[in-house]
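# Observations on the model geometry
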Amino acid sequence: MIETISYQELKGNDKQIVDEKFENLIAELKETYNAEILSNESDDEGELYTKIAELKIKFETILDYIKYCLRYGADLDVVSPTKLKISGNEMGNTILYIIDFFKKFAKKYGVAFNVYVKNEIDADINALKEGVYDEDDIYLMESEEGLLKIKTVFEGDGKSEEIIIKKILASLNPDIVVNKVITKSMDESKGIFSGLVAIEMFCKPFDIVEVAYKFLPVAISFENADIELDISELQDIGNDLGGAVFELTHAAANMNKK
């Protein structure tokens, strides 16, 4: 069970329309999530009329929580639990849902995150193909640093295999530890690399969520049987996803204005 305090805000020029839409939103949240209203305020002193509600909402699973954050772009605080333990399979299904959500968004509205990086990094490709870290290093990263062992598959197209690998690595959060890279060319007819890049990485849960919605990889698998997320990680993931949806929605709206 994940218990949150969620904040919903709606602004507009027309008070009647804002009130009506806000009432519909609150009614929907009550019906769908049994939301409890803690406060409900309005402000008409500025240029726009504003409605703000503070709600207590509980979620049975992490996937329910993530779906809410994606749909309602929530600004929220996680109240409990202090730590949430889930299976690697449950985390994997949640990540796949995030990828599917943003892929559908991109297809419908024609906008997605641009993770292209011009500056390449200095990486030993041969070492990465063999695997950089030994079993002792991997044990320390998992047991003492609390990093998840994850295999992620990306699609890549470019002048060469090496260029694609380096661009992907340069685009990743620097806190992500990359151990191994495997590539598979799907089309060599034009003398370029076009295929799949599989990366074995070690990272925090927040990092893999960010990879999921920014890169839209074709596959992600978790090697950990159990995964533990603390309260701050749950909150950061939820708010980050809500912010990501808001950013893309704003970009789509601006495209339609042109």
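Owing to the predicted nature of the structure, the values given are computational and were not obtained by experimental measurement.

## So, the nonpolar core
- One finds I95, I98, F102 and I208 to be the most contacted residues of the largest nonpolar core, which totals 68 residues.
- Three or more residues apiece are contributed to this core by two domains, here domain 1 (2–83 + 233–256) and domain 2 (88–226).
- Once residues within four sequence positions are removed from consideration, I208 is found in contact with M91, I95, I150, T152, M201, C203, I220 and F222.
- Counting five residues, the second-largest nonpolar core is a separate cluster that includes I138, L147, V177 and F202.

## Thoughts on empty space enclosed by the protein
- Per the counting criterion, the structure on display carries one cavity of 30 Å³ or more.
- One number sums up the size of the largest cavity: a volume of about 40 Å³.
- Considering the residues around the largest cavity, the lining is formed by I62, Y65, I66, M91, T94, I95, V209, L234 and I237.
- Partitioning the lining of the largest cavity into residue classes produces eight nonpolar, one polar and no charged.

## Examining the sheet that holds strand 7 (residues 177–185)
- Within the open sheet, the four strands sit side by side as 7-8-6-9. Their pairing is antiparallel. Both outer strands of the open sheet, strand 7 and strand 9 (219–222), are each paired with one neighbouring strand and no more. Taken over all neighbouring pairs, the strand axes of this sheet differ in orientation by 20° on average, direction set aside.
- Sitting on the sheet, helix 5 (residues 135–143) is in contact with strand 6 (148–158), strand 7 and strand 8 (193–203), with an inclination near 65° to strand 8.

## Describing the environment of A198
- Along the chain, A198 turns up in strand 8.
- The partly exposed category is assigned to A198, whose relative accessible area is 26%.
- Separated by 87 residues in the primary sequence, A198 and V111 place their C-alpha atoms 25 Å from one another.
- Not counting the four nearest positions on each side in its chain, A198 is found in contact with T152, V153, K180, V181 and I182.

## Quick word on unusual backbone geometry
- In the segment running from S80 into P81, the intervening peptide bond is cis, with an omega of 5°.
- The topology assignment puts P81 in the loop between strand 4 (75–80) and strand 5 (83–87).
- One non-glycine residue, L216, lies in the positive phi region at around 50°.
- Inspection of the secondary structure puts L216 in the loop between helix 7 (205–215) and strand 9.
- Exposure remark for L216: the relative accessible area of 19% places this residue in the buried category.

## So, the domain arrangement of the chain
- Split into domains, the chain comes out as domain 1 (2–83 + 233–256) and domain 2 (88–226).
- Here domain 1 and domain 2 have C-alpha centroids that lie 31 Å from each other.
- Taken residue by residue, the interface counts 19 residues in domain 1 and 17 residues in domain 2.
- Among the residues of domain 1 in contact with domain 2, L70, I237 and L248 are the three that bury the most area, contributing 30% of the side total.
- Between domain 1 and domain 2 we count zero salt bridges in total.
- Across the contact surface, domain 1 and domain 2 share one residue pair in polar contact (both at pLDDT 80 or more).

What counts as what
- Residues numbered from 1 in each chain as written.
- Predicted model: local features only at pLDDT ≥ 70, side-chain atom pairs only at ≥ 80, totals over all residues.
- Heavy atoms only, no water.
- Core = buried A, V, L, I, M, F, W, Y, C linked by side-chain atoms within 4.5 Å.
- Buried < 20%, exposed > 50% of the residue type's maximum accessible area, 1.4 Å probe, protein only.
- Domains from an automatic or database assignment.
- Contact = heavy atoms within 4.5 Å.
- 1 Å grid on protein atoms, 1.4 Å probe; cavity = no way out; pocket = protein on both sides within 12 Å on 5 of 7 lines; lining within 4 Å.
- Points joined across faces, edges and corners; volume = space filled by probe spheres on them.
- Nonpolar A, V, L, I, M, F, W, Y, C, P; charged D, E, K, R; others polar.
- Pairing = 2+ DSSP bridges.
- Helix = DSSP H or I, 4+ residues; strand = E, 2+ residues; numbered from the N terminus.
- Axes fitted to C-alpha atoms, helices over the stretch in contact; angles between N-to-C directions.
- Buried area = accessible area lost by both parts, 1.4 Å probe.
- Salt bridge = Lys/Arg side-chain N within 4 Å of Asp/Glu carboxyl O.
- Polar contact = N/O pair within 3.5 Å; in protein donor to acceptor, adjacent residues only side chain to side chain.

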